[in-house]
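What follows is each chain in one-letter form.
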2 protein chains.
Amino acid sequence: MFRQDAALDLAFQALADPSRRAMVERLAQGPATVSQLAKPLAMSLPGVMQHLAVLEASGLVVSEKVGRVRTCRIELKAMSAAERWIAERRAQWERRLDRLGQFLEDTKED
Amino acid sequence: MFRQDAALDLAFQALADPSRRAMVERLAQGPATVSQLAKPLAMSLPGVMQHLAVLEASGLVVSEKVGRVRTCRIELKAMSAAERWIAERRAQWERRLDRLGQFLEDTKED
């Protein structure tokens, strides 16, 4: 429970930055090297590495270095966990609205 | 585009804290007063008000004061936007994995 809480803290924190979301958007299309991630961002390589470190700490992205090239890709597990957390609360609230709507319908005076 | 980016920054930032997520979890069950939100959190009322301000600034929660009582509820629009952003990237990456699996299957030597 505590571990999951900490994981969600890091995932949502990582997604709370437009540059990091741009990196995730790029990686959703497929794995990319650090230079490929940096290109559309108009950002220095150290800047990109810093954002990448946040994304990796959150578990949303993993990277692997082969020779001198580091290749990054999305890690589904953390993405799904963050998505599911929101989806479950949203669905719970929607079900409540549905029941309320049904109640108002059922008790309507004609 | 920029406005949506800023909205997502605030939404994910708001969700990156366990106390604020606990408040959203409580509100997913239905509207609640500030005291009702504070009760299970073992937190001072000013502390809860501060977290509530972050949640309201993000658009995830709205509140209304009637007399001396402020009642809070979830706002679906911001919840759905944050959920959709993750879901779309996750789905894009999953489709890519599926195509890759299909390619490997199709090119397998028997």
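Calculation notes
Residues numbered from 1 in each chain as written. Chains lettered and ligands numbered in written order. Predicted model: local features only at pLDDT ≥ 70, side-chain atom pairs only at ≥ 80, totals over all residues. Heavy atoms only, no water. Helix = DSSP H or I, 4+ residues; strand = E, 2+ residues; numbered from the N terminus. Buried < 20%, exposed > 50% of the residue type's maximum accessible area, 1.4 Å probe, protein only. Contact = heavy atoms within 4.5 Å. Areas by Shrake-Rupley, 256 points an atom, 1.4 Å probe, with all protein chains shown as cover. Lys, Arg positive; Asp, Glu negative; His and termini not counted. Charge placed at Lys NZ, Arg CZ, Asp CG, Glu CD. Least-squares fit on C-alpha atoms with pLDDT ≥ 70 in both. Expected span 1.5 Å × (residues − 1). Arc of directions from axis to C-beta. Buried area = accessible area lost by both parts, 1.4 Å probe. Salt bridge = Lys/Arg side-chain N within 4 Å of Asp/Glu carboxyl O. Polar contact = N/O pair within 3.5 Å; in protein donor to acceptor, adjacent residues only side chain to side chain. Nonpolar A, V, L, I, M, F, W, Y, C, P; charged D, E, K, R; others polar.

(A) Inspection of the overall build of chain A at higher detail. Along chain A, the regular secondary structure elements total 5 helices and 3 strands. The helix and strand sequence of chain A, counted from the amino end, reads α-α-β-α-α-β-β-α. The C-alpha extent of chain A, read off along each of the three principal axes, is 75 × 30 × 20 Å. Per-residue burial over chain A gives 41% buried out of 110 residues. Counted over contacts in chain A with a minimum sequence separation of 6, partners at least 24 positions apart contribute 49%. Accessible area for chain A stands at about 6600 Å²; split by element, carbon and sulfur atoms hold 53% of it. Here chain A contributes 17 positive and 15 negative side-chain charges, whose respective centroids are spaced 12 Å apart.

(B) Layout of the relation of the copies chain A and chain B. Mapping chain A onto chain B calls for a screw motion: a turn of 180° about the axis and a shift of 0.0 Å along it, with 0.0 Å RMSD after fitting. What the rotation and shift describe, once combined, is the action of a two-fold rotation axis. A shared binding surface is used by both copies, with 100% of the interface residues of chain A retained as interface residues in chain B.

(C) Broad picture of helix α4 (residues 45–58) of chain A. Residues and elements named next belong to chain A. Helix length check: α4, at 14 residues, gives a terminal C-alpha distance of 20 Å against a target of 20 Å (1.5 Å per residue), a fit within 8%. Taken together, the buried positions of α4 are Gly47, Val48, His51, Leu52, Leu55 and Ser58. Taken end-on, α4 shows its buried residues confined to a sector of 135°, consistent with a single buried face. Relative to its buried face, α4 has exposed residues pointing more than 90 degrees away, namely Pro46, Gln50 and Ala57. Immediately downstream of α4, the backbone of Gly59 shows phi near 85°, a positive value.

(D) Focus on the interface of chain A and chain B. Counting from both sides, the interface comprises 34 residues of chain A and, opposite them, 34 residues of chain B. Carbon and sulfur atoms make up 64% of the area that chain A and chain B hide from each other, which totals about 3300 Å². Linking chain A with chain B are 8 salt bridges, by the criterion used here. Note that Arg21 of chain A and Asp5 of chain B form a salt bridge whose closest N and O atoms lie 3.4 Å from each other. Counting across the chain A and chain B interface gives 13 residue pairs in polar contact (both at pLDDT 80 or more). Those elements giving two or more residues to the side of chain A that touches chain B turn out to be α1 (2–15), α2 (18–28), β3 (69–74) and α5 (76–106) of chain A. When residues of the side of chain A that touches chain B are assigned to their parent elements, the largest contribution, 15 residues, is made by α5 of chain A. Here the residues of the side of chain A that touches chain B sort into 18 nonpolar, 5 polar and 11 charged.

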